[in-house]
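# Survey of secondary and tertiary structure
Each chain, letter by letter, is given below.
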Amino acid sequence: MATVKKTGATSVKVAKPKFIFATLLTKGESGAYEKSDTTYQFEHILRDSTSLTQDENETNAIENEVSDEAIMQNVTLGAWQFTTTIEDIQKDLVKDMCGFTVDGEKVYAPASYTERFAEIAVVLDAGTDAEGEQKYVAYVVPKLQLNTRLILESLSTSMAGFTLAGTAQSTEMTITGSKTVSSPMYIDMDYTLPTSGVGG
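Now for a description of the structure that goes with this document. Within any chain, residue numbers begin from 1 and follow the written order of that chain's sequence. Whole-chain, interface and lining totals are the exception, using all residues; otherwise, since this is a predicted model, local features are given only for residues with pLDDT of at least 70 and side-chain atom pairs are given and counted only at 80 or more. Water and hydrogen atoms were dropped before computing side-chain values, which therefore reflect all heavy atoms in the structure.

## A look at the side chain of T148
Following the sequence through the fold, T148 ends up in the loop between strand 10 (134–146) and strand 11 (149–151). Among the polar contacts made by the side chain of T148, one reaches the main-chain carbonyl oxygen of M97 at a distance of 3.0 Å. For T148, the residues in contact, after removing those within four places along its chain, are M97, C98, T163, L164 and A165. By the criteria applied, helices consist of DSSP H or I runs no shorter than four residues and strands consist of E runs no shorter than two, each listed in order from the N terminus. Under the rule applied, a polar contact is a pair of N or O atoms within 3.5 Å (in protein, one hydrogen donor and one hydrogen acceptor; residues adjacent in sequence only if both atoms are side-chain atoms). For this analysis, residues touch if any pair of their heavy atoms sits within 4.5 Å.

## Topic: the environment of A79
Among the structural elements, A79 can be located in the loop between strand 5 (72–76) and strand 6 (80–86). For the pair A79 and E56, spaced 23 residues apart in sequence, the C-alpha separation works out to 8.1 Å. Excluding residues that lie within four positions of it along the chain, A79 makes contacts with T53, Q54, D55 and T167.

## Side note on the nonpolar core
Looking at soluble globular proteins, one finds that nonpolar side chains tend to be buried together. Counting 22 residues, the largest nonpolar core has F42, M97, I120, F162 and L164 as the members making the most contacts within it. For this core, the elements supplying multiple residues, two or more each, are strand 1 (17–27), strand 6, helix 1 (91–98), strand 9 (117–128), strand 10 and strand 12 (161–168). For this core, the leading source of residues is helix 1, giving 4 residues. The residues touching F42, leaving out its near neighbours within four places in the chain, are I20, A22, I86, L93, M97 and L164. In this description, a nonpolar core means a group of buried Ala, Val, Leu, Ile, Met, Phe, Trp, Tyr and Cys residues linked to one another through side-chain atoms lying within 4.5 Å. Relative accessibility thresholds used throughout: buried, under 20% of the residue-type maximum; exposed, over 50%; partly exposed, between the two (1.4 Å probe, protein chains only). Counting residues in each nonpolar core, the second largest holds 8 residues, with A121, V123, Y136 and V140 among its members.

Okay, here's the thing in structure tokens:
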């Protein structure tokens, strides 16, 4: 007989985001992408604008000539899409996240798209542990191909800002036992916040 495992006592309930972090990825000397020295902690985020969702899986059935049942189903996993609206247009943000060029007090929009990547972490409150210490759960996209756009509209009821958005790319990561796994995103059940600048 199968064991019945109730999930209530061990459930992980998370909801409201506490932090959203973004770290630009740049190509190193080896050609591999590396995290830059600056991690942005966004503090002006439009409410209910943040989402990390997976596109619908695509299914292709190989039909059987002599039966109504398909021989097999080919399933292609949907890509992971991230979006959030940042209500801030400071120079460093639009340079790193949107690809603008900064010249003194002027910032110039790019004339054409160039690939830009960032690591994104959406950090949620996970309550406290047995010792009363704050715990966090984070949804992490190690390599997001950015597809951002500046917003300047409906200014009587909203603010200038930009939509930080993109599609997650699979990345090879080392896990326990020196094994590697290729994944577009992961959930860190015991996320450690960056060591400086966090809070407020």
